Amino acid sequence: MNVTHLECALCGTRHEAQRLLNLCTKCGKPLLVRYDLEKAARTLTREALPGRRADLWRYREVLPVEHEENIVSLGEGWTPLLKASRLGGNVGIDELYIKDESQNPTQSFKARGMAAAVSMAKELGAKKLAVPSAGNAAGALAAYAARAGLEAFIFMPDDTPRANVIECEQTGAQVTLMAGLITDCGAEVGRRKEPEGWFDVSTLKEPYRVEGKKTLGYELAEQLNWELPDVIIYPTGGGTGLIGMWKAFAEMEQMGWIGSKRPKMITVQAAGCAPIVRAVEEGKRFADEFPNAETAASGLRVPRAIGDFLIIDAIRASGGTAVAVTDRELIDATAEIGAAEGVFCAPEGAACLPALRKLIAAGVVSEDETVVLFNTGSGVKYLECFSAS
Ligand SMILES: Cc1ncc(COP(=O)(O)O)c(C=O)c1O
Ligand SMILES: [Zn+2]
């Protein structure tokens, strides 16, 4: 195992690894896993990868699980990076790609984070796992907890897409639907976790989901033959995938796999819930809570993110930006991407397309750049959203 310790992402306080921890005990911000990357790089080489298993555990040396038997897997990760030529023609970008995360277990990229988090919970002895969720993280936790033989307690807004609720029930989780938003669900988990003996696996309040999500960054580099794209467009709620990719790029540079060049990191949010867009526009590092959050892209209905400063730091350091799109734009984009490329996107993923058009119009992205859109989930989970359109 190559983990050396956990480190607070804000104040840098060192925490012991291999213990069940949530936030920094000093300042209450997220903890990140640190590795002995020199040691990892002795066996994890670019040349060794082609022969490895076709899931995210191919990057085993930079993942936190110590004992092989604790890995809880349903085949997550190593999803295709699809060249999107017809869609590229529509927008005027030759090198346009879709990282299709709908092909994960439970049909979303949340499988990556939950595979890592549930594996670590198993390794460290947690028995009952609780999470607030906009929907897809819930489905993933339910599935991985079932696979691990652990209990899952799930809290979702009562207007979460039906498919997310049903999949949790059908994979053995205890589901509570609440009036309100994901932040209200998070507060309920916070109130009850101690008396109930639950381990809280809320995104970024637990150090390992981001480790699973960072494999998006490793895969992107490997699939593009170790040349990162110029632009990454990512639908952002809590921001775990964006933060994870940014961490992966730094790790890969330390291992000598890539240089210092980074893609422009672009956050996409819905106009009805755009706290990061607002903070970037106002030059802030910490985002204010977005009032009256509302969007059909339920995964983007996150009015306050504990990792806000990490998202914003990555956007700024990369020369990226944050863009808001309307619900009309993201719903229409689902049909456009579907018809052009045969990928039935989650509305969150589809939001990347109108964002790209705005970026081209604003001169932030040019036609000779390589652009990757993240389709983070499957449209199949959102039937009510499309029938209403
Ligand atoms: C399909 C989909 N895309 C994007 C997001 C936002 O992800 P993150 O919280 O990692 O920013 C979510 C979160 O629920 C989601 O379900
Ligand atoms: Zn701290």
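Read on for a plain summary of the structure. (Residues numbered from 1 in each chain as written. Chains lettered and ligands numbered in written order. Predicted model: local features only at pLDDT ≥ 70, side-chain atom pairs only at ≥ 80, totals over all residues. Heavy atoms only, no water.)

**Considerations on the pairing of strand β7 (residues 151-157)**
The cut-off we apply is this: Only protein chains enter the area calculation, which uses a 1.4 Å probe; residues under 20% of their type maximum are buried, those over 50% are exposed, and those in between are partly exposed. Only DSSP runs of H or I reaching four residues or more are called helices, and only runs of E reaching two or more are called strands; each is numbered from the N terminus. Between any two strands, at least two bridges found by DSSP are needed for them to pair. Note on handedness: a crossover is taken as right-handed if, strands pointing away from the viewer, the path from the first strand over the helix to the second is clockwise.
In terms of burial, β7 is largely enclosed, as 6 of its 7 residues are buried. The sheet contact formed by strand β6 (residues 128-132) and β7 spans 5 bridges and is parallel. In the sheet register, Val 131 faces β7, and the bridge partner there is Ile 154. When β7 meets strand β8 (residues 174-178), the two strands line up parallel, connected through 5 bridges. What sits directly across from Phe 153, in β8, is Gln 174. Taken together, β7, helix α5 (residues 162-170) and β8 constitute a β-α-β crossover, and its handedness is right-handed.

**Description of the sheet that holds strand β4 (residues 81-83)**
Put simply, the rule reads: Axis geometry follows a simple rule: fit a line to the C-alpha atoms, using only the stretch in contact for helices, then measure angles between N-to-C directions, giving values from 0 to 180 degrees. Any two residues whose heavy atoms approach within 4.5 Å at even a single point are treated as in contact.
Taken together, 6 strands build an open sheet; the order of strands is β4-β5-β13-β10-β11-β12 and the sheet is mixed. Pairing within the sheet leaves two strands with one partner each, and these edge strands are β4 and β12 (321-325). Neighbour-to-neighbour, the strand axes of this sheet turn through a mean angle of 25°, independent of strand direction. Pairing analysis gives 3 bridges linking strand β10 (residues 231-235) to strand β13 (residues 371-375), with the strands arranged parallel. For Ile 232, the partnering residue across the bridge sits in β13 and is Val 372. Across the face of the sheet, helix α11 (residues 327-341) comes into contact with β4, β5 (96-100), β11 (264-270) and β12 while running at roughly 95° to β12.

**Points about the coordination of the zinc ion (ligand 2)**
Test applied: Only nitrogen, oxygen and sulfur atoms qualify as donors, provided they sit within 2.8 Å of the metal or within 3.2 Å for Na, K and Ca; with water excluded from the atoms, sites may seem incomplete. Key to geometry: four donors with every angle between 85 and 135 degrees are tetrahedral; four donors are square planar and six octahedral where opposite donors lie over 155 degrees apart and all remaining angles lie between 65 and 115; all other sites are irregular.
With distances of 2.3 to 2.4 Å, the protein atoms coordinating the zinc ion (ligand 2) are Cys 8 (SG), Cys 11 (SG), Cys 24 (SG) and Cys 27 (SG). Classification of the site at the zinc ion (ligand 2) rests on its 4 donor atoms, whose angles at the metal span 100 to 116°, yielding the label tetrahedral. Counting gaps between the donor residues of the zinc ion (ligand 2) yields the pattern C-x2-C-x12-C-x2-C. With Cys 11 in the loop between β1 (3-8) and β2 (14-15) and Cys 24 in the loop between β2 and β3 (31-35), the pair connects residues that are 13 residues apart, well separated along the chain.

**A look at the site of ligand 1**
Under the convention used in this document: Residues are counted as near a molecule or strand when any one of their heavy atoms sits within 4 Å of it. Here a polar contact means two N or O atoms within 3.5 Å. Within protein one must be a hydrogen donor candidate and the other an acceptor candidate, and residues neighboring in sequence count only if both atoms are side-chain atoms. Calculation of accessible area relied on Shrake-Rupley with a 1.4 Å probe; when residues are assessed, cover is drawn exclusively from the protein chains displayed.
In the vicinity of ligand 1 lie 17 residues, with Tyr 234, Gly 237, Gly 238, Gly 239 and Thr 376 positioned nearest. Within the contact set of ligand 1, an oxygen atom lies 2.8 Å away from a backbone nitrogen or oxygen of Gly 238. Here a nitrogen atom of ligand 1 sits 2.7 Å away from a polar atom, N or O, in the side chain of Thr 376. Within the complex, 97% of the 400 Å² of free accessible area of ligand 1 lies under protein.

**Brief notes about the nonpolar core**
What counts here: By convention a nonpolar core is built from buried Ala, Val, Leu, Ile, Met, Phe, Trp, Tyr and Cys residues, the set being connected through side-chain atoms within 4.5 Å.
Judged by nonpolar contacts, the single largest core of 91 residues is most densely connected at Leu 141, Ile 154, Met 245, Met 252 and Trp 257. In terms of residues, this core owes the most to one element, helix α4 (residues 136-148), which gives 8 residues. Setting aside residues no more than four positions away along its own chain, Leu 141 makes contact with Met 114, Val 118, Leu 129, Ala 130, Val 131, Ala 152, Ile 154 and Val 201. Judged by nonpolar contacts, the second largest core, of 36 residues, contains Val 325, Ile 337, Ala 355 and Cys 385.

**A short note on unusual backbone geometry**
Although it is not a glycine, Gln 18 adopts a positive phi angle of roughly 60°. Tracing the chain through its elements places Gln 18 in the loop between β2 and β3. The class of Gln 18 is partly exposed, set by a relative accessible area of 26%. Here Leu 204, not a glycine, exhibits a phi torsion of approximately 70°, which is positive. In this fold, Leu 204 is placed in the loop between β9 (199-200) and α7 (209-223). Taking relative accessible area as the criterion, Leu 204 reaches 3% and is therefore assigned buried.

**Here we look at the sheet that holds β1**
Across the sheet, 3 strands lie side by side as β2-β1-β3; this open sheet has antiparallel pairing. What marks the edges here is a single partner per strand, and that holds for β2 and β3. Across 5 bridges, the pairing between β1 and β3 is antiparallel. Bridge pairing in β3 links His 5 to Arg 34.

**Digging into the packing of aromatic side chains**
The description of an aromatic ring pair rests on the distance of the ring centres and on the angle between the ring planes. Here is the rule: For Phe, Tyr and Trp, rings pair up if their centres lie within 6.5 Å, where Trp contributes its six-membered ring, and each pair is then called stacked (planes under 30 degrees apart), edge-to-face (over 60) or tilted (otherwise). Criterion for a charge above a ring: Lys NZ or Arg CZ within 6 Å of the ring centre, and within 35 degrees of the ring normal.
Summed over all chains, the structure comprises 10 aromatic pairs. Measuring from centroid to centroid gives 5.4 Å for Phe 286 and Phe 309, while their planes differ by 35°, and the two rings are tilted. Of this pair, Phe 286 sits in the loop between α9 (275-281) and α10 (308-318) while Phe 309 sits in helix α10, and the two are 23 residues apart along the sequence. An aromatic cluster is present here, built from Tyr 59, Tyr 218, Trp 226 and Trp 257 joined pairwise through their rings. If you follow Arg 58 out to its NZ or CZ, it ends over the ring of Tyr 59, 5.9 Å from the centre. Lying over the aromatic face of Trp 78, Arg 58 brings its terminal NZ or CZ to 3.8 Å of the ring centre.

Taken by themselves, the reported measurements are silent on function.
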